[in-house]
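Each chain, written out:
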Amino acid sequence: MTALRQRKGSKGKDPGPSIQNLKPDCTAEPREKFATGGFSWWTILCLMTGSIVGVSLGLLCCIYVATLHENDLWFSNIKEVEREISFRTECGLYYSYYKQMLKAPSIQQGLYELIHDNTTESKRTINILQRMNIYQEVFLSILYRVLPIQTYLEPIYFYIYTVFALQTVYVIALFITSWLLSDSWLAGALSGVWYILNRVDTTRVEFTISLRENWSIPFFALQVAAITCYLRPQLKPIHQRVVLWLVFVSTFCFCLTWQFNQFVLLVQALIIFTLDCLDFFTAEQVVSLYLMQVLSLLLVWLLQFCNSMILGSLVLSFIVSALFIKHFQTGLKTGGFAIRVGKLALHTVLVLTLTFTINYSAKKILQLKSDEHIFKFIKAKFGFGATRDFDASLYLCEEAFGLLPLDTFERLAGTVLLYPYLCTLSVLFILLLLVALSNLSLNGSGQASGEREDRTFRMRPDVAYNLLHTVFFGLLAFSTMRMKYLWTGHMCAFAAFGVCGKEVWSLYLRVLRCNTKTMMRLIRYSVPIVILAFLYYKFWPRLMEEISELREFYDPDTVELMEWIRLKTPKRAVFAGSMQLLAGIKLCTGRVLTNHPHYEDQALRERTRQVYQIYARQSAEEVHKVLGSVGADYIVLEDSICYERRHSRGCRLRDLLDLANGHIMDGPGENEPDLIPASHPRFCEAIKTDMPPYSTLFTRVFKNKTFHVYKLKKIKKKNKAENAP
């Protein structure tokens, strides 16, 4: 906390260079030049100042979220089991593999155990490196073993500090993007400040540390910065090759660390396709960017032991289709306006048709069903028929997969982010349409390049890319709240570009007929400084109050459960229960699980639905049979699920199970006419009566205010023993 105050205090004392000393941008024509080069002293000073400010803001964000995490949990003073419990839901599952690698006798043995894992899913041996994106945990565990830091840094701190450090990378990437677009490091400073102030909507890293998105989105932001640099006009060929290498590395890291990479890259591929059709990109740029995506996905496919889900992804099918048809449609960008629009429409239809044909064929050949639940969810979400499918309903009922709440815009407006963003978006989108119409009006002949230089409306390809990027990912965020973190960070960089860049201000000043260099300089540098001063005045006291607020982790019931499991049950005991709780059981106790939160496998989804019958209206015999088939020794029942009130009727877990089983939901409210009353009481309630047949099949071995643990009785073995001579 002290370090945070000192860093922010020092920044507050030095608001930056005065207005009188500011130049139009860091690439302006220099007054003094080195004898051996073309860089002015002013350019060097701008680069150094901007770099220092960017790194400082990144470190500030890292320290800020680390301080919030410490203050919220009192992380440094709680017990190890409490620290591990704080990795809730799937976070605990991912962290457990980092812990498992560290406990292994050697790195080789740890990797072997991950490749031949028989504790994550009972009665199954699975390849964790193939099924899950946990190479980051493997890499960190190896790094921790190799580096001489074990004596003064605990493994858990090495892990969380690494994730927090990625926030530094994220902020620096946003800083670079806005700086490249606007040619002013003030835009980078503004984007970094906006990212920090809008923490609630830009990241949730401080309380969901090991979620895959917290690892991957910083690399995605770095990739966007590299693409922005690659698309800059007049970039030399050698620089293009270097930047393309950065695009590939950042794309690869993004894909390797998040299982939803294919859907994000699909959106990005659609952006590239759109800009290619509207003639903003050259053929070389389009092919290069597509190839970077394909090479990254294929390399991840190899590292994940030929994971079929990657080969069956829509993005690969789309890129192959786009490149194939583009190769044969050589005259796509020739002809008059009407002819070109007709050709583009036909081109789009052909690409989409071939995409779905290739994708359907690939899934049939590979017998791929891993991602079918996502398409069921999308189909139901956009109203293409109601569904009682348990997996799709599980997503539909989660707030994170619902529409973006309107109060998000109230918070964004409160930090003065929303208004410049909307102004920049609206003006540039209209300009994009005008430039697109102008591009389509060109006949594609040799004099086209000369015609482009003389046009009234022009837009740089890097600006066009970032504009469509924020539009496409904004639409994705509107449809699915969890995806807003892909949008809001870039939103900060795009709004900062609008405030500090020339594109928007030049249009406004033209309308006002005062578009002079002096006026442009004054506005471009005075407006961001005024905004930064206002944000400092309004939010500095709030930040100081926020980081000084102290809380403490408190979950005694879960701690008691974990301690009991660790001390009172066999090490190879198999536990059944909710996905979220079982992830914590694996992390804290190392026991074997029946199911877990990583949902990208059809067989696991089916097993989870079966195990969840403990919260449905099923007979004791049926539940015992199902649990016995998956090898469960114990079941953990949670009152918070059995008597759930967090969700409304129809979205409670017990309701989803009733609907999937064709049973009438309990509680007041309407039911669909084809549903029938269940012939048995709800298992999680009836078992607590300790009456036959429940007492015959299950024995309660642990109980507190939140959890009830029952041990399955081995009835068949008992009967065999009684009948023996």
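No experiment lies behind these values; they were computed from the predicted model shown.

**Quick notes on the overall build of the protein chain**
Piece 1. Tallying secondary structure elements over the protein chain gives 35 helices and five strands in all.
Piece 2. For 725 residues, the compact-globule formula gives about 27 Å, and the C-alpha radius of gyration of the protein chain, at 29 Å, lands near that figure.
Piece 3. Its C-alpha atoms give the protein chain principal-axis dimensions of about 105 × 60 × 55 Å.
Piece 4. Across the 725 residues in the protein chain, those meeting the buried criterion constitute 55%.
Piece 5. As presented, the protein chain carries roughly 32600 Å² of accessible surface, and 63% of it is formed by carbon and sulfur atoms.

**Description of the state of the cysteines**
Piece 1. Summed over all chains, the structure comprises two disulfides.
Piece 2. Here Cys 397 is linked by a disulfide to Cys 651, with a sulfur-sulfur distance of 2.1 Å. Because the torsion about its S-S bond is -75°, the bridge between Cys 397 and Cys 651 counts as left-handed. Highlighted residues: Cys 397 in the loop between helix H19 (390-396) and helix H20 (407-414) and Cys 651 in the loop between helix H31 (639-642) and helix H32 (653-661), separated in sequence by 254 residues.
Piece 3. Cys 397 sits in the buried class, given a relative accessible area of 13%.
Piece 4. With relative accessibility at 21%, the residue Cys 651 sits in the partly exposed group.
Piece 5. Bridging Cys 642 to Cys 684, the disulfide has an S-S length of 2.0 Å. Note on the Cys 642 and Cys 684 pair: the S-S dihedral is about 80°, so by sign convention the disulfide is right-handed. Of this pair, Cys 642 sits in helix H31 while Cys 684 sits in helix H33 (residues 683-686), placing them 42 residues apart in sequence.
Piece 6. Judged by relative accessible area, which is 2%, Cys 642 ranks as buried.

**Quick notes on the packing of helix H8 (residues 155-182) against helix H9 (residues 185-197)**
Piece 1. For the pair H8 and H9, the least separation of the axes is 7 Å and the interaxial angle reads 140°. One way to sum up the angle between H8 and H9 is to call them oblique. Relative to H9, the crossing made by H8 is right-handed. Touching Gln 167, Tyr 170, Val 171, Leu 174, Phe 175, Ser 178, Trp 179 and Ser 182 of H8 are Trp 185, Ala 187, Gly 188, Ala 189, Ser 191, Gly 192 and Tyr 195, all from H9.
Piece 2. Along the lines of polarity and charge, the residues of the contact of H8 with H9 split into nine nonpolar, six polar and no charged.

**Looking at the domain arrangement of the protein chain**
Piece 1. Taken domain by domain, the protein chain consists of domain 1 (162-443 + 458-548) and domain 2 (556-712).
Piece 2. Look at where the C-alpha atoms of domain 1 and domain 2 centre, and you get two points 41 Å apart.
Piece 3. Counting residues at the interface gives 15 residues for domain 1, matched by 21 residues for domain 2.
Piece 4. Contact between domain 1 and domain 2 buries roughly 1600 Å² in total, counting both sides, with carbon and sulfur atoms accounting for 57%.
Piece 5. Its largest share of buried area at the contact with domain 2, domain 1 owes to Arg 388, Phe 390 and Cys 397, together 47% of the area lost on that side.

**A word on unusual backbone geometry**
Piece 1. The omega angle of the peptide bond from Pro 692 to Pro 693 is 5°, so this bond is cis rather than trans.
Piece 2. For Thr 89, which is not glycine, the phi torsion reads 50° and is therefore positive.
Piece 3. You can see Thr 89 is positioned in the loop between helix H3 (80-85) and helix H4 (90-103).
Piece 4. By relative accessible area, Thr 89 is classed as partly exposed at 34%.
Piece 5. For Gln 367, which is not a glycine, the phi torsion comes out positive at approximately 55°.
Piece 6. Here Gln 367 lies in the loop between helix H17 (337-366) and helix H18 (372-381).

**Details of the pattern of salt bridges**
Piece 1. Under the criterion given, the structure shown has 35 salt bridges.
Piece 2. One salt bridge in this structure joins Asp 639 and Lys 688, with 2.6 Å as the shortest N-O distance. One end of the pair, Asp 639, is in helix H31; the other, Lys 688, is in the loop between H33 and helix H34 (694-697), with 49 residues separating them in the sequence.
Piece 3. Of the charged contacts in the structure, one is a salt bridge between Arg 654 and Asp 666, with a shortest N-O distance of 3.3 Å.

**Some thoughts on a nonpolar patch on the surface**
Piece 1. There is a patch of nonpolar side chains on the surface, built from Ile 238, Val 242, Trp 245, Leu 246 and Val 249 and spanning about 490 Å² of accessible area.
Piece 2. By secondary structure assignment, the location of Val 249 is in helix H12 (residues 237-257).
Piece 3. The exposure class of Val 249 is partly exposed, given its relative accessible area of 32%.

**Points about the packing of aromatic side chains**
Piece 1. For the structure shown, the criterion picks out 35 aromatic pairs.
Piece 2. Note on Phe 75 and Tyr 157: the rings are 5.7 Å apart at their centroids and 85° apart in plane angle, and the pair reads as edge-to-face. Linking Phe 75 in the loop between helix H2 (41-73) and H3 with Tyr 157 in helix H8, this pair joins segments that are 82 residues apart in sequence.
Piece 3. Both rings, one in Phe 175 and one in Trp 179, keep their centres 5.8 Å apart while their planes meet at 90°; by these two values the pair is edge-to-face. With a gap of four residues between them, Phe 175 and Trp 179 both fall in helix H8, about one helical turn apart. As far as the burial class goes, Phe 175 and Trp 179 line up, both buried.

**Focus: the packing of helix H11 (residues 212-230) against helix H13 (residues 261-277)**
Piece 1. For the pair H11 and H13, interaxial distance at closest approach is 13 Å and the crossing angle is 20°. Compared by their axis directions, H11 and H13 come out roughly parallel. The two elements H11 and H13 meet at a crossing, and its hand is right-handed. Judged by residue contacts, Phe 220, Gln 223 and Ile 227 of H11 engage Val 264, Leu 265 and Gln 268 from H13.
Piece 2. Tallied by class, residues from the contact of H11 with H13 come to four nonpolar, two polar and no charged.

Conventions adopted
- For every chain, the first residue of its written sequence is number 1, and the numbers climb from 1 along that sequence.
- Predicted model: local features are reported for residues with pLDDT of at least 70 only, side-chain atom pairs are reported and counted for 80 or more only, and whole-chain, interface and lining totals are derived from all residues.
- Side-chain numbers come from the whole structure's heavy atoms, not from hydrogens or water.
- Put simply, DSSP H or I for four residues or longer makes a helix, DSSP E for two residues or longer makes a strand, and each gets a number counted from the N terminus.
- When we talk radius of gyration, it's over C-alpha atoms, and the globule rule is simply 2.2 Å times the number of residues to the 0.38.
- Only protein chains enter the accessibility calculation, which uses a 1.4 Å probe; a residue whose area is less than 20% of its type maximum is buried, one above 50% is exposed, and one in between is partly exposed.
- Residue exposure ignores everything except the shown protein chains as possible cover, and the areas themselves are Shrake-Rupley values with a 1.4 Å probe.
- Cysteine sulfur atoms are paired as a disulfide whenever they fall within 2.5 Å.
- Inter-axis angles, ranging from 0 to 180 degrees, are taken between N-to-C directions of lines fitted to C-alpha atoms, where helices are fitted over the stretch in contact.
- In this scheme, roughly parallel covers angles under 35 degrees and roughly antiparallel covers those over 145, while 65 to 115 is roughly perpendicular and the rest are oblique.
- In this scheme the handedness of a crossing depends on how the near helix is turned from the far one: anticlockwise by less than a right angle means left-handed, clockwise means right-handed.
- Residues are treated as being in contact if the distance between any of their heavy atoms lies within 4.5 Å.
- Gly is placed with the polar residues, together with every amino acid not listed as nonpolar (Ala, Val, Leu, Ile, Met, Phe, Trp, Tyr, Cys and Pro) or charged (Asp, Glu, Lys and Arg).
- Annotation comment: domain bounds sourced from an automatic or database domain assignment.
- As a working definition, buried area equals the accessible area (1.4 Å probe) given up by two parts on being put together, with both sides summed.
- A carboxyl oxygen of Asp or Glu within 4 Å of a side-chain nitrogen of Lys or Arg is what we treat as a salt bridge.
- Patch criteria: residues need more than 30% relative accessible area and no salt bridge. Like-charged residues are merged within 9 Å; nonpolar side chains of Val, Leu, Ile, Met, Phe, Trp and Tyr are merged within 5 Å.
- Note on aromatic pairs: the rings of Phe, Tyr and Trp (six-membered ring only in Trp) are paired at centre separations within 6.5 Å, and the planes decide the class, stacked below 30 degrees, edge-to-face beyond 60, tilted for the rest.

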